[in-house]
Each structure stands twice: as C-alpha cells, then as structure tokens.
Amino acid sequence: MASRLILIPDEGLSEDDKRALRARFEDDACRWCGGLHQRECPRVKRIIFNPADERSVREVEFWNDLEWDRSAVLWPEDLI
Ligand SMILES: [Zn+2]
C-alpha cells in the first residue's frame, strides 16, 4: 500500500512529516517491536497462527535481541 510507505529523505524529516508519523504510532505501531516498518516485523523469527483462525496468533518466537535488524524500523525517538 503506497500510503503506508515511509520515505525518509537524505536531509531528514520535516517537522510536518514527523508530526504525521507520530500520529501513525497511535494506530500502526507494530505489536511485536513497537516501531513502524514496511514489511513483516524484523523482530519476529516465527509466528504460529491458530489453525482455526488465521488472524489469531498462537505462538511467537522472537530473534535474540542482538540478532535482529532495527535499521528498517522507525522508532518514536526518530521523530523528535
Ligand atoms: Zn515490528
């Protein structure tokens, strides 16, 4: 979805961009890592869904804290 794309220009985010992105944390922050990202969560190694309901998560396995790539994730502190 193009509207969800986060493009950060080389010169950094404008104050307007930061304000808009801060608002998105309210609705779109990832439930697993707490950041905003385009693709599946880089913190999650494996998710097992409930076979009876594919939206219901039965088990989540996370990468070790030192192993996952935070560079693709936008954090609230990036927007200050
Ligand atoms: Zn995440």
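Since the model is a prediction, treat every value here as computed from it, not as a measurement.

Enquirer: Give a detailed account of the pairing of strand 2 (residues 53–62), specifying residues and quantitative values.
Expert: Strand 2 sits mainly on the outside: 0 of its 10 residues count as buried. Looking at chain direction, strand 1 (residues 44–50) and strand 2 are connected through 6 bridges and run antiparallel. Pairing of R46 across the sheet is with E61, part of strand 2.

Enquirer: Help me get a handle on the environment of C30, residues and values and all.
Expert: By the element assignment, C30 lies in the loop between helix 1 (15–28) and strand 1. Overall, the presence of 17 C-beta atoms within 10 Å leaves C30 in the partly exposed class. Placed 27 residues apart in sequence, C30 and V57 show a C-alpha to C-alpha distance of 14 Å. For C30, the contacting residues outside a window of four places in its chain are G35, L36, H37 and C41.

Enquirer: Tell me what's going on with helix 1, and back it up with residues and numbers.
Expert: For helix 1, with 14 residues, the first-to-last C-alpha span of 20 Å sits near the 20 Å given by 1.5 Å per residue. Of all 14 residues in helix 1, 0 are buried; the element is thus mostly exposed.

Enquirer: Can you tell me about the confidence of the model for the protein, naming the residues and giving the values?
Expert: When pLDDT is averaged across the protein, the result is 88; 94% of the residues are at 70 or more. The secondary-structure element of the protein with the lowest mean pLDDT is helix 1, recorded at 90, while strand 1 shows the highest, at 94.

Enquirer: How would you explain the environment of R46 if you had to name every residue and give the values?
Expert: Its location among the elements puts R46 in strand 1. By C-beta crowding, R46 is classed as exposed, having 9 other C-beta atoms within 10 Å. Between the alpha carbons of R46 and W63 there is a distance of 8.6 Å; along the sequence they are 17 residues apart.

Definitions and cut-offs
Residues numbered from 1 in each chain as written. Predicted model: local features only at pLDDT ≥ 70, side-chain atom pairs only at ≥ 80, totals over all residues. Buried ≥ 20, exposed ≤ 12 C-beta atoms within 10 Å, placed from the backbone. Helix = DSSP H or I, 4+ residues; strand = E, 2+ residues; numbered from the N terminus. Pairing = 2+ DSSP bridges. Contact = placed C-beta atoms within 7 Å. Expected span 1.5 Å × (residues − 1). pLDDT = per-residue confidence, 0-100.

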